[in-house]
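Structural features, examined
Chain by chain, the residues:
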Amino acid sequence: EDDGIIEMTAQGKSGGKYLYGQGVYLYNRTNYDLDESVLTQGSVDVDLGEGPQILIVHTHGSEAYTPDGEDVYTPSGECRTTDKTHSVVRVGEEIAQVLTEMGLSVIHDTELYDYPEYNGSYDRSLAAVETYLERYPTIKVVMDVHRDALIGEDGTIYKPITTINSEKCAQVMLVMGSDAKYTHPNWRQNLSLAVKIQKEMNTLWPTLARPIGLRENRYNQQLTTGSLLVEVGSHGNTLQEALAAARMFARAAGAVLLEQE
């Protein structure tokens, strides 16, 4: 326990809704009766070429972290802020910087789609991503960067965290959509990319990633075959913990994407 926030390191386990294959765990939150074969049914389809390759966007860009040290901000809600230097927009910028340093071409959309109105956030980010894809047809990967919120039934706040190279860092979770509710014919291709990135994270830093979450909604991932929803930490984490995780995630994702060039 740290300042009333419970630290936890999320891991997969055998049985129940957990599936294991390809060296990764997946937590099935859909109504589909799936087995581990779902992890190999798709194929990565992100043929990267010249021009902008990756778009980073934030459907919930005002999501922020627990203030700590010099990382304080004016809140716009509970662990939310319009200060982009202290929200998930700052985390997205860290990811963009690492990917750029690795030689990939990145566009970072820093618009807040959840402020001042939260409802309709996904509709607004959907329209924005469609505009980017029309303007830059070379974009093959769309990363929607968020942070999670983990609260127990008794109101306890949990933060997913691990220690890597003597540094505390948040855990990362890839949230993938399906066609359980809406039309999403390419969800297995998206999942295949997520599996490759998850496997790379597990290889480099075995405790960095939480199990992949497979959900019934599609989170605008129907727009490309390389769409990911990336949750970096939770509202219980600090910004510095999230930035440390963002750098590691970006290095793993970048290594996988460079294989596609």
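Structure: see above.
Structural notes, computed from the coordinates.

What counts and what doesn't
- Residues numbered from 1 in each chain as written.
- Predicted model: local features only at pLDDT ≥ 70, side-chain atom pairs only at ≥ 80, totals over all residues.
- Heavy atoms only, no water.
- Helix = DSSP H or I, 4+ residues; strand = E, 2+ residues; numbered from the N terminus.
- Buried < 20%, exposed > 50% of the residue type's maximum accessible area, 1.4 Å probe, protein only.
- Contact = heavy atoms within 4.5 Å.
- Areas by Shrake-Rupley, 256 points an atom, 1.4 Å probe, with all protein chains shown as cover.
- Lys, Arg positive; Asp, Glu negative; His and termini not counted.
- Charge placed at Lys NZ, Arg CZ, Asp CG, Glu CD.
- Polar contact = N/O pair within 3.5 Å; in protein donor to acceptor, adjacent residues only side chain to side chain.
- Salt bridge = Lys/Arg side-chain N within 4 Å of Asp/Glu carboxyl O.
- Expected span 1.5 Å × (residues − 1).
- Core = buried A, V, L, I, M, F, W, Y, C linked by side-chain atoms within 4.5 Å.
- Pairing = 2+ DSSP bridges.
- Axes fitted to C-alpha atoms, helices over the stretch in contact; angles between N-to-C directions.
- Disulfide = S-S within 2.5 Å.

Notes on the overall build of the chain
The secondary structure content of the chain amounts to 4 helices and 13 strands. Each of the three principal axes of the chain carries a C-alpha extent, and together these read 45 × 45 × 35 Å. Counting only residues that meet the buried cut, the chain has 53% of its 261 residues in that class. For the chain, contacts bridging at least 24 residues in sequence account for 77% of all contacts bridging at least 6. Split by element, the accessible area of the chain, about 11600 Å² in all, is 43% carbon and sulfur. When the 21 positive and 38 negative side-chain charges of the chain are each reduced to one mean point, those points stand 4 Å apart.

Concerning the side chain of R80
Tracing the backbone through its elements, the reader meets R80 in strand β6 (residues 80–81). A polar atom in the side chain of R80 sits 3.1 Å from the side chain of D114. Apart from the residues within four sequence positions on either side, R80 is in contact with H60, S62, E63, A64, Y73, T74, P75, D114, Y118 and R147.

Notes on the pattern of salt bridges
The tally for this structure, following the rule as stated, stands at 8 salt bridges. For D114, the salt bridge goes to R80, with nearest N and O atoms at 3.1 Å. With a gap of 34 residues between them, D114 in the loop between β7 (106–108) and α2 (121–135) and R80 in strand β6 connect regions that are remote in the sequence. Since its relative accessible area comes to 4%, D114 is described here as buried. The closest approach of N and O atoms between R210 and D148, which form a salt bridge, is 3.0 Å. Highlighted residues: R210 in the loop between α3 (187–204) and β12 (212–214) and D148 in strand β8 (residues 141–148), separated in sequence by 62 residues. One exposure class covers both R210 and D148, and it is buried. The network of salt bridges with shared partners includes E7, K159, K168 and E241.

Here's the deal with the side chain of S192
Note on placement: S192 falls in helix α3. Within the local environment of S192, its side chain forms a polar contact with the backbone nitrogen of V44, the two atoms lying 3.4 Å apart. In contact with S192, not counting residues within four places along its chain, are G42, S43 and V44.

Here's the deal with α3
Taking 1.5 Å as the rise per residue, α3 with 18 residues should run 26 Å; its terminal C-alpha atoms sit 26 Å apart, in good agreement. Residues W187, Q189, N190, L191, S192, L193, A194, V195, I197, Q198, M201 and N202 constitute the buried set of α3.

Focus: the nonpolar core
Judged by nonpolar contacts, the single largest core of 54 residues is most densely connected at V91, I95, M143 and F249. Among the elements that take part in this core, helix α4 (residues 239–258) stands out by supplying 13 residues, more than any other. Beyond its immediate stretch of four places on either side in the chain, F249 contacts I95, M143, V172, L174, I197, M201, L208 and V230.

Considerations on the sheet that holds strand β9 (residues 157–164)
Here 3 strands make up an open sheet; going across it, the order is β1-β9-β10 and the pairing mixed. At either margin of the open sheet sits one strand with a lone partner, and together these are β1 (5–8) and β10 (167–170). Between one strand axis and the next, the sheet turns by 45° as a mean value, whatever way the strands run. By the bridge criterion, 4 bridges tie β9 to β10 in an arrangement that is antiparallel. Pairing of I161 across the sheet is with A170, part of β10. Packed on one face of the sheet, α4 meets β9 and β10 and runs near 80° to β10.

A few points about the state of the cysteines
In this structure the tally under the stated criterion is 0 disulfides. Left unpaired, C79 is separated from the closest cysteine sulfur, that of C169, by 19 Å.

Concerning the sheet that holds strand β13 (residues 227–234)
Strand order in the open sheet made by the 8 strands is β2-β3-β12-β11-β13-β8-β4-β7, with mixed pairing throughout. Looking at strand neighbours, the two that pair on one side only are β2 (18–21) and β7, the edges of this open sheet. With direction set aside, neighbouring strand axes in the sheet form an average angle of 25°. Its contacts with the sheet place α3 against β3 (24–28), β11 (172–176), β12 and β13, and it is angled at close to 165° to β11.

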